[in-house]
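# Overview (structure and organization)
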Amino acid sequence: MSHPPGGPPVSDGEFTKIQELLYELAVAEVMTPRPVTARASDPMESAKALMRTHRISGIPIADGPDLVGILSVEDVIRWLEAGGEAACIEAWMTRPVHTVRADEAAIQAVTKFGRTRVGRLPVLDEAGVLVGIVTPGDIIGRVLRVLDRRYRVDERRVQDQPLEPQEALSEGGVMRVHYQVAARDFERAGAAATGIKRLLGRLGVDAAVTRRVSIAAYEAEMNLAIHTDRGGQLIAEIRPDEISLEAIDEGPGIPDLDRAMTEGFSTAPDWVRALGFGAGMGLNNMKRCGDGFSIRSSPGEGTVVRVSFNLPSLTESAPGIPVSAPLSAQGR
Amino acid sequence: VAIVKVLELARLLEAKAPLRTHGLGAEVTVVHAGDQMSEVLASAVAGSLLVTGLTNGQVVRTAEVAGLSAIVIVGGKPLLSETIQAADRAGIPVIQTGLSMFEACGRLHAAGLRCGARRVPEPRVALPR
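Along each chain, numbering runs from 1 in the same order as the chain's sequence is written. Going through the entries in the order they are written, you letter the chains from A and number the ligands from 1. Per-residue local features are limited, in this predicted model, to residues with pLDDT of at least 70; the limit for side-chain atom pairs, both in listing and counting, is 80 or more; totals at the level of whole chains, interfaces and linings are taken over all residues. Excluding hydrogens and water, the side-chain figures rest on all heavy atoms present in the structure.

### Quick look at the packing of helix H3 (residues 44–54) of chain A against helix H4 (residues 73–81) of chain A
Residue and element names in this part refer to chain A. How we decide: Axis definition: a line fitted to C-alpha atoms, limited for helices to the stretch in contact. Angles are taken between N-to-C directions and run from 0 to 180 degrees. Helix numbers and strand numbers start at the N terminus; a helix is a DSSP run of H or I with at least 4 residues, a strand a run of E with at least 2. Each angle gets one of four labels, with under 35 degrees taken as roughly parallel, over 145 as roughly antiparallel, 65 to 115 as roughly perpendicular, and the rest as oblique. In a left-handed crossing the near helix is turned counterclockwise from the far helix by less than a right angle, and in a right-handed crossing that turn is clockwise. A contact between two residues is defined here by any heavy atoms of the two lying within 4.5 Å. We call Asp, Glu, Lys and Arg charged. Ala, Val, Leu, Ile, Met, Phe, Trp, Tyr, Cys and Pro are nonpolar, and the rest, Gly among them, are polar.
Following both chains from N to C, one finds H3 and H4 inclined at 135°, their axes separated by 11 Å at the closest point. As far as their axial angle goes, H4 and H3 are oblique. Here H3 runs over H4; the crossing is left-handed. From H3, Met44, Glu45, Lys48 and Met51 reach across to H4, where they touch Val73, Asp75, Val76, Trp79 and Leu80. Residues belonging to the contact of H3 with H4 are distributed by class as follows: 6 nonpolar, no polar and 3 charged.

This is how it looks when you write it as structure tokens:
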């Protein structure tokens, strides 16, 4: 059985959680942004001072936008042991530099630390521009914070149950359920859709309509989890003749709706794609599932997506009595 | 088009891990294979068998939401505990096979199962002749 190198053996369950988290978190989420940099022509003395002032153990060396090397505390020690005479950083820095991309999963950085034995990795964006620096300590700290947060959330609710709606109102023949969807919580994403599916099943809504509503709710939930800064709300309203879903978030908003609605266009990072989502089909799937569809978005303010579904048959049947038999009965 | 029971699929695909005990009698006639969950949601018909290389819990959520009958996970990848729990909860049988996607689909097709996609998207780029 494998366990993290150097760490105590942990049970399968815990190890899996940490591994999963390392796949979920992007390097951008664990790195320190806007690192202190120096130029190759700067004196070693100033690099030593920078390390002391900022309490850092490595400085990326940049030449304009290009990363040309990295000066670590080990390099400074070598320089001091050799006499510490006046010299340019260029003479003592390490190169070539091992780097990692901001949109890669944190597991990539962990793998690189293991393989290269370096203590820090400069982080580059898609264009190769330096945007941060990451150390093993950054990753451990972030993982512990997320695990701690999830542990507390888990304590509050019974695990593995469909997400309970925060509000369920029923008045004047209108039932309204309201779910809070967290940003980047991939373990829970889809729980609201499952909850809505079971609710519609209990209400006896036609199985084919239930399926379309569930699929649209699932895509809406995924969009809230993937693309928003702070998550959002998913509201389902069930009327005698119509079901509507509304996904509301507070940002960042969609700059170009036409492009967002183009099948295959997606701004999802690679780690989301590795989970099987972010292929640029979500909004189209929602539109295709519904009888009505609208989307409003403004950058900086947020997005509201509304999908509606006609319910011709529900009016003819008493509530609680299935309109038609479920498609697959063997699961019950 | 053939009708194949989930238990029979497991034999066909040389399933290596013990199966969950529920849903083994479910019958399958159509298959959707792929790793894009949105593609599954868009085009798999209800009751399809899902063949995928993904192992995370969203595979089960997708199958549950889309009303799929069973999941085959190819390539011999270990299942996450979260995925097993989700499958148990949803009552969806999961078959793990060491066969590749290609080999697994080949065997399913040879057994008489057919495509479960509602629509096949047009290719975006012309293929070279």
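That was the structure; now back to the text.
### Section: unusual backbone geometry
The residue after Arg95(A), namely Pro96(A), is reached through a cis peptide bond having omega -5°. Looking at where Pro96(A) falls in the secondary structure, it is placed in the loop between H4 and strand S4 (100–101). Backbone geometry places Arg55(A), a non-glycine residue, at a positive phi of 50°. Located in the positive-phi region is Glu14(B), a residue other than glycine, with phi close to 50°. Looking at the element boundaries, Glu14(B) is found in the loop between helix H1 (6–12) and strand S2 (27–28).

### Some details on the interface of chain A and chain B
Going by this rule: Summed over both partners, the accessible area (1.4 Å probe) lost when two parts come together is defined as the buried area. The working definition used for a salt bridge is a side-chain nitrogen of Lys or Arg within 4 Å of a carboxyl oxygen of Asp or Glu. Here a polar contact means two N or O atoms within 3.5 Å. Within protein one must be a hydrogen donor candidate and the other an acceptor candidate, and residues neighboring in sequence count only if both atoms are side-chain atoms.
Opposite the 33 residues of chain A that make contact, chain B presents 28 residues. Between chain A and chain B, the buried area comes to about 2600 Å², and carbon and sulfur atoms account for 47% of it. Applying the counting rule to chain A against chain B returns 1 salt bridge. One salt bridge in this structure joins Arg198(A) and Glu64(B), with 2.5 Å as the shortest N-O distance. Between the two partners, chain A and chain B, sit 13 residue pairs in polar contact (both at pLDDT 80 or more). At the level of secondary structure, the elements contributing two or more residues to the side of chain A that touches chain B comprise helix H1 (12–24), helix H7 (191–203), helix H8 (207–227) and helix H11 (282–289) of chain A. In terms of residues, the side of chain A that touches chain B owes the most to one element, H8(A), which gives 6 residues. Along the lines of polarity and charge, the residues of the side of chain A that touches chain B split into 13 nonpolar, 9 polar and 11 charged.

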